[in-house]
Amino acid sequence: KEKVEITKEQQALMKIITDAYNRHQIPQDVAKKLLQDQYSAEENFLLLTEMATSQVQVLVEFTKNIPGFLSLDREDQIALLKGSAVEAMFLRSAQVFSRKMPSGHTEVLEERIRKSGISEEFITPMFNFYKSIGELHMVQEEQALLTTVTILTPDRPYVKDQQAVERLQETMLDVLRKLCVLQHPQEPQYFARLLGRLTELRTLSHYHTEMLASWRMNDHKFTPLLCEIWDV
Ligand SMILES: COc1ccc(-c2nc3ccccc3n2[C@H](C(=O)NC2CCCCC2)C2CCCCC2)c(OC)c1
């Protein structure tokens, strides 16, 4: 049984990333807003675009705290942000959905999302993903590192120096792997399950543009930042 040990440097790296991840939370909690009132499809779409816009701004601030990210080629930094923004948004949504809430609140939240205006065909894959993330009961360090690993995906479109991104991602994967072994000793497959979620996340993110276009309303308006990031 090999002794898994997180080094001092890895401990420091994990602290920087987790603190940044917790610091850069969305200002206004969307779940609370959704639990308060039922909104029309138009109001929900506006809420989504507002939340997503602020989440992209939060994501940009978060990436600045990933050790080594700012040393990457400037254009590659943009390519990584653009390439991971939708996945990071769904990952954050899954974490919001899986948060421990007073009994009955998760069901109300699920109902509000089902009735939000999103078209039927996307509801099952979206909630399957949310529930599969919830079942992992990730600690905050795992959530922060999983988002970091998602951002540092070398094969995003237009990334020039993929090797440099790969080296950074591998550094993060090594810490995440050790953390999983230490946090979930009874489940040796936990790390593999975690990475399997990233495949599900990528698939869900492929539906994103259609999910927006099929939102039950006419004339979908986006913020300039979302037009940049969402290719709409
Ligand atoms: C593209 O289609 C969709 C559909 C649903 C969601 C979604 N899933 C959620 C799970 C938990 C709580 C909120 C959730 N949301 C929207 C939202 O506000 N998402 C935020 C995005 C930035 C990061 C925090 C969450 C809601 C849905 C109900 C109507 C108002 C928007 C979604 O979030 C990408 C995208």
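Residues numbered from 1 in each chain as written. Predicted model: local features only at pLDDT ≥ 70, side-chain atom pairs only at ≥ 80, totals over all residues. Heavy atoms only, no water.

1. What to know about the confidence of the model for the chain
For the chain, the mean per-residue pLDDT works out to 94, and 98% of the residues sit at or above 70. The complex model carries a pTM of 0.95, and its ipTM stands at 0.97. (pLDDT = per-residue confidence, 0-100.)

2. Side note on the pattern of salt bridges
Under the definition given, this model contains 16 salt bridges. In this structure, Asp-73 and Lys-160 form a salt bridge, with 3.1 Å as the shortest nitrogen-oxygen distance. Here Asp-73 is found in the loop between α3 (41-64) and α4 (74-98), whereas its partner Lys-160 is found in the loop between α7 (140-151) and α8 (162-183), with 87 residues between them in sequence. One connected set of salt bridges, linked through shared partners, spans Glu-87, Asp-155, Arg-156 and Arg-202. (Salt bridge = Lys/Arg side-chain N within 4 Å of Asp/Glu carboxyl O. Helix = DSSP H or I, 4+ residues; strand = E, 2+ residues; numbered from the N terminus.)

3. Comments concerning the packing of aromatic side chains
Per the counting criterion, the structure on display carries 9 aromatic pairs. Where Phe-122 meets Tyr-207, the ring centres are 5.6 Å apart and the plane angle is 45 degrees; that geometry is what we call tilted. Linking Phe-122 in the loop between α5 (105-114) and α6 (123-134) with Tyr-207 in the loop between α9 (190-206) and α10 (208-213), this pair joins segments that are 85 residues apart in sequence. Residue class for Phe-122 comes out buried when judged on its relative accessible area of 3%. Between the aromatic rings of Phe-129 and Tyr-130, the centroid separation amounts to 6.4 Å while the plane-to-plane angle is 55 degrees, which identifies the pairing as tilted. The same class applies to Phe-129 and to Tyr-130, which are both buried. One aromatic cluster in this structure is built from Phe-45, Trp-215, Phe-222 and Trp-230. Seen from the ring of Tyr-21, Arg-92 lies directly overhead, with NZ or CZ sitting 4.4 Å from the centre. (Phe/Tyr/Trp six-rings, centres within 6.5 Å; stacked < 30°, edge-to-face > 60°. Buried < 20%, exposed > 50% of the residue type's maximum accessible area, 1.4 Å probe, protein only. Lys NZ or Arg CZ within 6 Å of the ring centre and 35° of its normal.)

4. A word on the site of the ligand
Not every one of the 22 residues close to the ligand is listed here, only the nearest: Val-30, Asn-44, Met-89, Ser-93 and Tyr-130. Between the ligand and Ser-93 there is a distance of 3.2 Å, counted from an oxygen atom to a side-chain nitrogen or oxygen. In the model, a nitrogen atom of the ligand is placed 2.6 Å from a nitrogen or oxygen of the Tyr-130 side chain. For the ligand, whose unbound accessible area comes to 670 Å², protein coverage reaches 100%. Listed by contribution, the elements that provide at least two residues to the shell around the ligand are α2 (30-36), α3, α4, α6 and α10. With 6 residues, the single largest contributor to the shell around the ligand is α4. Here the residues of the shell around the ligand are counted per class, giving 16 nonpolar, 5 polar and 1 charged. (Near = heavy atom within 4 Å. Polar contact = N/O pair within 3.5 Å; in protein donor to acceptor, adjacent residues only side chain to side chain. Areas by Shrake-Rupley, 256 points an atom, 1.4 Å probe, with all protein chains shown as cover. Nonpolar A, V, L, I, M, F, W, Y, C, P; charged D, E, K, R; others polar.)

5. Observations concerning the packing of α4 against α9
Where α4 contacts α9, the two axes come as close as 9 Å, and the packing angle between them is 110 degrees. With respect to each other, α4 and α9 are oriented roughly perpendicular. Remark: the crossing between α4 and α9 carries right-handed chirality. The residues of α9 that touch α4, namely those facing Val-86, Glu-87, Phe-90 and Leu-91, are Leu-201, Arg-202, Leu-204 and Ser-205. Across the contact of α4 with α9, the residue classes tally to 5 nonpolar, 1 polar and 2 charged. (Axes fitted to C-alpha atoms, helices over the stretch in contact; angles between N-to-C directions. Parallel < 35°, antiparallel > 145°, perpendicular 65-115°, else oblique. Left-handed = near helix turned anticlockwise from the far one by under 90°. Contact = heavy atoms within 4.5 Å.)

6. What about α6?
Between its terminal C-alpha atoms α6 stretches 16 Å, which fits the 16 Å expected from 12 residues at 1.5 Å a residue. Turning to α6, its buried residues number three or more, namely Ile-123, Met-126, Phe-127, Phe-129, Tyr-130, Ser-132 and Ile-133. On its buried face, α6 sits against α4, α5, α9 and α10. (Expected span 1.5 Å × (residues − 1).)

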